[in-house]
Amino acid sequence: MSIGTGEQAPDFDLEEAYGRPRVRLSDFRGKPVWVNFWAPWCPACRTEMPRLEGFYLEHRDDGLVILGVG
């Protein structure tokens with residue numbers, strides 16, 4: 001499946017850690033969403049986390065949502 005710029009992504013849901021309710025992409029409709037796939041054993045993933053957090057802190061007031069999928 002290919003999605004073009006400006007097209008709506010297909011909905012999906014993720015199970016949250018620690019027994020929290022599931023999260024759906026559609027829960028954030030109308031907001032910018034960054035889906036980040038990472039793994040704790042990945043050195044590059046661990047290196048990017050502080051930069052990703054900084055980006056989020058700069059843009060959270062704009063409604064940015066970051067979903068981390070590990």
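Residues numbered from 1 in each chain as written. Predicted model: local features only at pLDDT ≥ 70, side-chain atom pairs only at ≥ 80, totals over all residues. Heavy atoms only, no water.

1. A look at helix α1 (residues 43-59)
Note the threshold: For helices the rule is a DSSP run of H or I covering at least 4 residues; for strands it is a run of E covering at least 2, with both sets numbered from the N terminus onward. A helix is expected to reach a length of 1.5 Å times the quantity of its residues less one. One fitted axis covers the seven residues ending at a residue, a second covers the seven starting there, and the bend at that residue is the angle between these axes.
Its 17 residues give α1 an end-to-end C-alpha distance of 25 Å, which sits within 8% of 24 Å, the value for a rise of 1.5 Å per residue. Along α1, the largest kink reaches about 35 degrees and is centred on Met-49; proline Pro-50 follows within four residues of it.

2. Some points on the confidence of the model for the protein chain
Regions with low pLDDT should not have their predicted coordinates read in detail. Our working rule: Per-residue confidence from the predictor is reported as pLDDT, which spans 0 to 100.
On average, residues of the protein chain score 89 in pLDDT, and 100% of them are at 70 or above. Averaged over each element, pLDDT in the protein chain is lowest for strand β1 (residues 13-14) (84) and highest for α1 (94).

3. What to know about the packing of aromatic side chains
Short version of the rule: Within 6.5 Å between ring centres, the rings of Phe, Tyr and Trp (the latter by its six-membered ring) count as paired, and their orientation is classed by plane angle as stacked under 30 degrees, edge-to-face over 60, tilted in between. Classification of residues uses two cut-offs on accessible area relative to the type maximum, computed with a 1.4 Å probe and protein chains only: under 20% is buried, over 50% is exposed, and between them is partly exposed.
Going through the model one piece at a time under the given rule, you end up with one aromatic pair. Taken together, a centroid distance of 5.3 Å and an interplanar angle of 65 degrees make the contact between Trp-34 and Phe-55 edge-to-face. With Trp-34 in strand β3 (residues 33-37) and Phe-55 in helix α1, this residue pair connects regions lying 21 residues apart in the sequence. Relative accessible area serves as the criterion here: at 34%, Trp-34 is assigned to the partly exposed category. Residue classification places Phe-55 among the partly exposed residues on the basis of a relative accessible area of 33%.

4. Notes on the environment of Leu-25
Counted only if it meets this: Here, residues are in contact when the closest pair of their heavy atoms is within 4.5 Å.
Tracing the chain through its elements places Leu-25 in the loop between β2 (23-24) and β3. Here the alpha-carbon distance between Leu-25 and Pro-10, two residues 15 residues apart in the chain, equals 8.2 Å. Once residues lying within four places of it in the same chain are set aside, the contact partners of Leu-25 are Ala-9, Pro-10, Asp-11, Phe-12, Val-33 and Leu-67.

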